[in-house]
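What follows is the residue order along each chain.
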Amino acid sequence: MEETKRKSDPNTRFYDPYQGIQVPIPVRNVYQLPTAPQYLFDEEARRSRRNLSDNLTFFTGCGYLAGAIGGGASGLVSGVKSFEPGDTSKLRVSRVLNSSGHAGRAWGNRLGIIGLIYAGMESGAMALRDVDDVWNSVAAGLGTGAVYRAARGVRSAAVAGAFGGVLVGAAETAKQALKRYVPI
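My aim in this report is to walk through the structure given alongside it, one point at a time.

The rules behind these values
Residues numbered from 1 in each chain as written. Predicted model: local features only at pLDDT ≥ 70, side-chain atom pairs only at ≥ 80, totals over all residues. Heavy atoms only, no water. Patch = residues over 30% accessible without salt bridge, like charges linked within 9 Å, V, L, I, M, F, W, Y side chains within 5 Å. Areas by Shrake-Rupley, 256 points an atom, 1.4 Å probe, with all protein chains shown as cover. Salt bridge = Lys/Arg side-chain N within 4 Å of Asp/Glu carboxyl O. Helix = DSSP H or I, 4+ residues; strand = E, 2+ residues; numbered from the N terminus. Buried < 20%, exposed > 50% of the residue type's maximum accessible area, 1.4 Å probe, protein only. Expected span 1.5 Å × (residues − 1). Contact = heavy atoms within 4.5 Å. Axes fitted to C-alpha atoms, helices over the stretch in contact; angles between N-to-C directions. Parallel < 35°, antiparallel > 145°, perpendicular 65-115°, else oblique. Left-handed = near helix turned anticlockwise from the far one by under 90°. Nonpolar A, V, L, I, M, F, W, Y, C, P; charged D, E, K, R; others polar. Phe/Tyr/Trp six-rings, centres within 6.5 Å; stacked < 30°, edge-to-face > 60°. Lys NZ or Arg CZ within 6 Å of the ring centre and 35° of its normal.

**A closer look at a nonpolar patch on the surface**
Part 1: Taken together, the side chains of L178, Y181, V182 and I184 make up a nonpolar region of the molecular surface, amounting to roughly 520 Å² of accessible area.
Part 2: On the secondary structure map, V182 appears in the segment after α6 (154–181).

**Focus on the pattern of salt bridges**
Side chains carrying opposite charge are able to pair once their charged atoms draw close together.
Part 1: Throughout the structure, instances matching the rule amount to four salt bridges.
Part 2: Among the salt bridges present, the one from R129 reaches D133, with a minimum N-O distance of 2.8 Å.
Part 3: For R129, a relative accessible area of 39% gives the class partly exposed.
Part 4: Among the salt bridges present, the one from K175 reaches E172, with a minimum N-O distance of 3.7 Å. With K175 and E172 both in helix α6 and three residues apart, this pair spans about one turn of that helix.
Part 5: K175 sits in the partly exposed class, given a relative accessible area of 39%.
Part 6: By relative accessible area, which is 14% here, E172 ends up buried.
Part 7: Three or more residues are tied together by salt bridges with common partners; here these are E84, D87 and R95.

**Some remarks on α6**
Part 1: End to end, α6 covers 40 Å across 28 residues, agreeing with the expected 40 Å (1.5 Å per residue, within 8%).
Part 2: Buried residues of α6: A157, A160, G161, G164, G165, V168 and E172, and no others.
Part 3: For α6, the secondary structure elements touched by its buried residues are α4 (89–129) and α5 (134–148).

**Focus on the packing of α4 against α5**
Part 1: For the pair α4 and α5, interaxial distance at closest approach is 8 Å and the crossing angle is 135°. Relative to α5, α4 is oriented oblique. Like other packed secondary-structure pairs, α4 and α5 cross with a definite hand, here right-handed. The residues of α5 that touch α4, namely those facing R110, I113, I114, I117, Y118, M121, E122, A125, M126 and R129, are W135, N136, S137, A140, G141, G143, T144, V147 and Y148.
Part 2: Partitioned by chemical class, the residues of the contact of α4 with α5 number 11 nonpolar, five polar and three charged.

**Describing the packing of α5 against α6**
Part 1: At a minimum axis separation of 6 Å, α5 and α6 run at an interaxial angle of 150°. What the angle tells us is that α5 and α6 run roughly antiparallel. Judged by the twist between their axes, the crossing of α5 over α6 is right-handed. Along the contact surface, α5 presents V134, S137, V138, G141, L142, G145 and A146, while α6 presents A157, A160, G161, A162, G164, G165, V168, G169 and E172.
Part 2: When the residues that make up the contact of α5 with α6 are grouped by side-chain class, the tally is eight nonpolar, seven polar and one charged.

**What about helix α3 (residues 52–81)?**
An α-helix turns once every 3.6 residues. As a result, residues three or four positions apart point the same way.
Part 1: The end-to-end C-alpha separation of α3 is 43 Å, in line with the 44 Å expected for 30 residues at 1.5 Å each.
Part 2: Looking at α3, one finds that the buried residues are N55, G63, G67, G71, G72, G75 and G79.
Part 3: Each element contacted by the buried residues of α3 is listed here: α4.

**A word on the environment of W135**
Part 1: Considering the arrangement of structural elements, one finds W135 in helix α5.
Part 2: Judged by its relative accessible area of 60%, W135 is exposed.
Part 3: In sequence terms W135 and E122 are 13 residues apart; their C-alpha atoms lie 9.5 Å from each other.

**Quick notes on the packing of aromatic side chains**
The geometry of two aromatic rings is summed up by the distance between their centres and the angle between their planes.
Part 1: For the coordinates displayed, the defined rule picks out two aromatic pairs.
Part 2: With centroids separated by 5.3 Å and ring planes inclined at 70°, the aromatic side chains of F58 and F59 adopt a geometry described as edge-to-face.
Part 3: Among the residues examined, F58 registers a relative accessible area of 37% and is labelled partly exposed.
Part 4: Geometrically, the ring pair formed by F59 and Y118 is edge-to-face, given 5.1 Å between the ring centres and 90° between the ring planes. Pair noted here: F59 is in helix α3 and Y118 is in helix α4, with a separation of 59 residues, a long-range link.
Part 5: An aromatic cluster is built from F58, F59 and Y118, whose rings are joined through pairwise contacts.
Part 6: Between R92 and the ring centre of F83, over which it is positioned, the NZ or CZ distance is 5.0 Å.

Set out below in structure tokens:
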């Protein structure tokens, strides 16, 4: 009823905070909320991907979170395996918590650092080539593996670099296949 009275903008949607309430309210407000992201500057609206600081935050945070969850699960398993027949329940809980916290922290830090290096490599490759394509991501994966394992020697860095490049290539291929074959 009020929606027909107001001029409809295709970039907004109507939001009525009182929609599910059956009590008559004297003042009903319908807010027009934007459906597209809002930007402060036109330059931000024109770009099609995240910038360096967004990438650093996103990849580092996702890496740390994934590592903390995986390490916590690994620590849970090792904590349960370390139970002894005479342990009290308090001691068992303490072993599980200590083991999960230690492994989760270690794995989280490792994957967070990998995400940090990858974000820097990908943004650097994009700035260097001035093209946004799949090869930037593959080169970033290759460089990330090599830099992460560089302290263990040239051979280890080369193997880790190849593994990182192949892993990112497979992830990019899977992403393209999902976009093509899975309707979202």
